[in-house]
Amino acid sequence: MLESARAGAAGRLNVPGGRRRWRVHRAWVVAAVTFVTIIGGAAFNALPGLLFDPLQEDFGWSRGEIGFAVSVDMALYGLTAPFAAALMDRFGIRRVVAVALTAIAAGALASVWMTAAWQLVLYWGVLVGLGTGSMALAFSATVTHRWFTARRGLVTGVLTAAGASGQLVFLPLCAWIVAEHGWRPASVTVALAALVVVPFVWLLMRDHPADVGLAPYGGEYVEKPAPVRGAAGRAVRVLADAARGGPFWLLAGSFAICGASTNGLIRTHFVPSAHDHHMPVTAAASLLAVIGVFDIIGTVFSGWLTDRFDARRLLAVYYALRGVSLLFLPMLMQATVEPPMVFFIVFYGLDWVATVPPTLALCREQYGEDSAVVFGWVLASHQVGAALVAFLGGVARDVFGSYDVVWYAAGALCAVAALMALVIRHPRPEAAVPRE
């Protein structure tokens, strides 16, 4: 057993159908392509918070109308994810991801010619939402589950951080483009970023270790399973089974609050809120990019912690700290970037998606082979929470003239999420899945 694991880690197993031997296990190549792919798909996520003011100026749309289009994107992102995981089982990772990237590029490019709010919903909301949803965290969960037996927590953290890396790369760039050349060239940039990644996916991505005659990293060789038919039906059946138990609703509810307090709130409304306090858009976007830097550190470290500590307690700590920080944010908003705001950005960045590795670990613990599909549904709740706050945050700004009430409400919700994480029960011994 030990020798097999060592051989798998080195990528030199002599297995039926063995092919070219890699010095570095091929799993790490697939993980690297996945990382780059998520960065390319995440480029669009850098845009919405930057475009509230330009779209208001160009078309006279309210923040509620713009927020609604963003909410459709986030909701479809989440609702597509569980079906995308099942479709990857049926048609393969490469095909699904290549089509998803093309949909993102089409939506971003078509938005250049929009003239009405319904077109914003169609292009940004529907097309981009379906595309990004097909490459959601369920994508990284599927890759991790198939290609890795050892180091799953670490790899989950690294791939989760890819979204933050995309934010780090594209936020300052898009902010500069919007400020200097307008929002349309920024949309074209996002479309090109998605298209550039397609050849890398097609040439370097593989659906299963058996495709190249290898065992998963740290594991033993297994034959590639036959394509799973009835992908949509399977996703619904898995949801129906999982929804019978309390752990699913606790995971889904806490992750909905996670989405509300990150993508729906900070990513969508931080820049326009800072601009309300006369902070330049480029400065506010740079602060979000700094969140991306520390998000990478926090998420990878969270993956390392998840391999060693109780995921429930980690989640409770993450949510509690996030809630406290949000309660202080209204007092930190100023026209200039002061040290307290920098501290908030660093702190929030470390906690941004640190919740993903322990949440995914709990899905594996509770649901075993169905964990990727279940996590897709849990992610759907994340994005529904994000969608609600993306829309309601814009409405609150229109009604109250500021975002303060939104920050306070999100802080209180994070306290609820911390309690939900603590009461998730362990699976019964006969149903438990061994932790890696």
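Refer to the structure presented above.
Report follows, based on the coordinates. Keep in mind that this is a model prediction, so the values were computed, not measured.

Conventions used here
Residues numbered from 1 in each chain as written. Predicted model: local features only at pLDDT ≥ 70, side-chain atom pairs only at ≥ 80, totals over all residues. Heavy atoms only, no water. Patch = residues over 30% accessible without salt bridge, like charges linked within 9 Å, V, L, I, M, F, W, Y side chains within 5 Å. Areas by Shrake-Rupley, 256 points an atom, 1.4 Å probe, with all protein chains shown as cover. Salt bridge = Lys/Arg side-chain N within 4 Å of Asp/Glu carboxyl O. Helix = DSSP H or I, 4+ residues; strand = E, 2+ residues; numbered from the N terminus. Buried < 20%, exposed > 50% of the residue type's maximum accessible area, 1.4 Å probe, protein only. Contact = heavy atoms within 4.5 Å. Phe/Tyr/Trp six-rings, centres within 6.5 Å; stacked < 30°, edge-to-face > 60°. Expected span 1.5 Å × (residues − 1).

**Looking at a nonpolar patch on the surface**
And then number 1: Judged by side-chain polarity, Phe68, Leu79, Val384, Leu388, Phe391 and Leu392 come together as a nonpolar surface patch covering roughly 510 Å² of accessible area.
And then number 2: When residues of the nonpolar patch are traced back to their parent elements, those giving at least two are α4 (63–91) and α17 (371–400).
And then number 3: No other element matches the four residues that α17 contributes to the nonpolar patch.
And then number 4: Relative to the helices and strands, Phe68 resides in helix α4.

**Here we look at the environment of Arg151**
And then number 1: Mapped onto the secondary structure, Arg151 falls in the loop between α7 (137–147) and α8 (152–181).
And then number 2: Arg151 gets classed as partly exposed once you look at its relative accessible area, which sits at 48%.
And then number 3: Taking the C-alpha atoms as reference points, Arg151 and Asp307, separated by 156 residues in sequence, lie 8.0 Å from one another.

**Quick notes on the side chain of Ser302**
And then number 1: Structurally, the position occupied by Ser302 is in helix α13 (residues 281–306).
And then number 2: The exposure class assigned to Ser302 is buried, which follows from its relative accessible area of 1%.
And then number 3: Excluding its chain neighbours within four sequence positions, the residues that come into contact with Ser302 are Tyr318, Ala354, Pro357 and Pro358.

**Things to note about the pattern of salt bridges**
And then number 1: For the structure on display, the rule yields eight salt bridges.
And then number 2: The residue Glu365 makes a salt bridge to Arg312 at a minimum N-O spacing of 2.3 Å. Of this pair, Glu365 sits in helix α16 (residues 356–367) while Arg312 sits in helix α14 (residues 311–332), placing them 53 residues apart in sequence.
And then number 3: A network of salt bridges, in which partner residues are shared, links Asp53, Arg63, Asp276 and Arg397.

**Comments concerning the packing of aromatic side chains**
And then number 1: Applying the stated criterion to the full structure yields 10 aromatic pairs.
And then number 2: A ring pair is formed by Phe68 and Phe391, whose centres lie 5.9 Å apart and whose planes are at 75°; its orientation type is edge-to-face. With a gap of 323 residues between them, Phe68 in helix α4 and Phe391 in helix α17 connect regions that are remote in the sequence.
And then number 3: The exposure class of Phe68 is partly exposed, given its relative accessible area of 41%.
And then number 4: On the accessibility criterion, Phe391 (31% relative accessible area) is partly exposed.
And then number 5: Measuring from ring centre to ring centre gives 5.2 Å for Phe248 and Trp249, while their planes differ by 80°; the resulting arrangement is edge-to-face.
And then number 6: Here Phe248 falls in the buried class, since its relative accessible area comes to 4%.
And then number 7: Ring-pair connections join several aromatic residues into one group, and the members of that group are Phe59, Trp61 and Trp183.

**A short note on α16**
And then number 1: When the terminal C-alpha atoms of α16 are compared, their 16 Å separation across 12 residues agrees well with the 16 Å that a helix rising 1.5 Å per residue should span.
And then number 2: Within α16, 12 of the 12 residues are buried, which leaves the element mostly enclosed by the surrounding structure.
And then number 3: Turning to α16, its buried residues number three or more, namely Val356, Pro357, Pro358, Thr359, Leu360, Ala361, Leu362, Cys363, Arg364, Glu365, Gln366 and Tyr367.
And then number 4: At the exit of α16 stands Gly368, carrying a positive phi of roughly 55°.

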